[in-house]
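Understanding the architecture of this molecule
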Amino acid sequence: MRQNLQHLRSQFSEIPGLTFDDEKGLVRLTLVTPECQLQVFLQGAHVSHFQSLGQEPLLFMSEKARYEEETPIRGGIPLIFPWFGPRRDRPNSGAHGFARNLEWKLTQVQTSPETMVVLELTSSDRTKLEWGHDFRLRLYIYPEKSLTLSWEIENLGERAFPFEAALHTYFRVSNARHCCVLGLDGARYLDHLGPEPIEQQGPINFEAETDRIYFNVPETLYLNDKEAGTQIEISSNALSSIVWNPWVDKARRMEDFGDEEWPSMVCIESGAVRDNEIHLLPGETVILAATYIQAPLADSPAAH
Ligand code: TA6
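Read on for a plain summary of the structure. This is a predicted model, so every value here is computed, not measured.

Reading guide: rules and limits
- Residues numbered from 1 in each chain as written.
- Predicted model: local features only at pLDDT ≥ 70, side-chain atom pairs only at ≥ 80, totals over all residues.
- Heavy atoms only, no water.
- Pairing = 2+ DSSP bridges.
- Helix = DSSP H or I, 4+ residues; strand = E, 2+ residues; numbered from the N terminus.
- Axes fitted to C-alpha atoms, helices over the stretch in contact; angles between N-to-C directions.
- Near = heavy atom within 4 Å.
- Polar contact = N/O pair within 3.5 Å; in protein donor to acceptor, adjacent residues only side chain to side chain.
- Areas by Shrake-Rupley, 256 points an atom, 1.4 Å probe, with all protein chains shown as cover.
- Nonpolar A, V, L, I, M, F, W, Y, C, P; charged D, E, K, R; others polar.
- Buried < 20%, exposed > 50% of the residue type's maximum accessible area, 1.4 Å probe, protein only.
- Contact = heavy atoms within 4.5 Å.
- Salt bridge = Lys/Arg side-chain N within 4 Å of Asp/Glu carboxyl O.

Here the focus is the sheet that holds strand β2 (residues 28-32). The strand order across the open sheet formed by 4 strands is β1-β2-β3-β4, and the pairing between neighbours is antiparallel. Either end of the sheet is taken by a strand with one partner, and the two such strands are β1 (18-21) and β4 (46-52). Strand-to-strand twist of the sheet, defined as the mean angle between neighbouring strand axes without regard to direction, takes the value 15 degrees. Of the pairings in the sheet, the one linking β2 to strand β3 (residues 36-41) comprises 5 bridges and is antiparallel in character. For Leu 31, the partnering residue across the bridge sits in β3 and is Leu 38.

This part takes up the site of the ligand. For the ligand, the full set of nearby residues is Arg 74, Phe 84, Ala 95, His 96, Arg 100, His 168, Asp 211, Ile 242, Trp 244, Lys 250 and Glu 269. Taking Asp 211, its side chain carries an N or O atom lying 2.6 Å from an oxygen atom of the ligand. The fraction of the free accessible surface of the ligand (390 Å²) that becomes covered by protein chains is 85%. Residues belonging to the shell around the ligand are distributed by class as follows: 4 nonpolar, 2 polar and 5 charged.

Quick look at the environment of Asp 259 now. Inspection of the secondary structure assignment puts Asp 259 in the loop between α3 (247-253) and β21 (265-272). Residue classification places Asp 259 among the partly exposed residues on the basis of a relative accessible area of 34%. For Asp 259 and Asp 249, which are 10 residues apart along the polypeptide, the C-alpha to C-alpha distance reads 8.4 Å. Each residue touching Asp 259, except ones within four places of it in the same chain, is listed here: Ala 251 and Arg 252.

The next subject is the pattern of salt bridges. All chains considered together, the criterion is met by 17 salt bridges. For Glu 68, the salt bridge is made with Arg 66, and the minimal N-O distance between the two is 3.1 Å. Using a relative accessible area of 37% as the deciding quantity, one classes Arg 66 as partly exposed. Across the pair Arg 188 and Asp 275 runs a salt bridge, and its minimum N-O distance is 3.0 Å. Of this pair, Arg 188 sits in strand β14 (residues 188-191) while Asp 275 is found in the loop between β21 and β22 (278-280), placing the two residues 87 residues apart along the sequence. With a relative accessible area of 33%, Arg 188 lands in the partly exposed category. Note on Asp 275: relative accessible area 52%, which makes it exposed. Through salt bridges that share partners, Arg 88, Glu 164, Arg 274 and Glu 277 make up one connected network.

Okay, structure coming up:
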């Protein structure tokens, strides 16, 4: 059942700095605190904006994004579940699963002792049209000087199930051509553009369409934006990291993405995909978490 604006406004009327709107056609919350601003669409529990005091906005959103029911929103942090990319057992299913396309329930908002926004999606007749398992997803968002997402995935059923998941984060950058990703040196990756696993040598630079799934990755990665002189530190417990920039031709093929937008974004996604997929036993819960910290490039430990 869709949560309507009036109900949300009355249920969360005590929370300072919290407002709701549907100006783009989907219900969106905005939370403004002394430390930061956060925006989240209830559809997909989709974080679409985060900006901490004194920093540039963290996330890229496409000017051509579509804000329609059960349609992916291009940019921000789409939540990918229960499969990544094309569904291998049913290729004509929508890419990246259904969690990002369905409305999640806003269950909690607080601004003390820490700021936290919680949304939940539980299996339903609608989800079982695509995937027969019983589950509960809870996303805890902690918007402060940095942004932390902690995503709980719980098996409510009687059968174990395998799943893939990812925080498909679109970072806003000045110019992807002058960005690099540090921390994946030596990691094995599958290149979307070629079948065989390859080992990463040194930093990842962006000189063409880049679409790679890295396996068994370290906890901390860095996205250096040399043109802006800034760095984003990405700390996560995820075993997989997906690095993507569509470059010129793929950007042109995407209707909900501007032809000239590809230099303004880099996706570094924290997840559990392919070899790192998770098998969840009945009653078991796993947590996928990531924290994003922005800092000047000159001050950072990994300033290459
Ligand atoms: O995460 C990288 C990727 O799998 C790319 O292959 C590209 O398709 C991107 O996801 C966007 O997928 P979407 O379904 O949101 O268009």
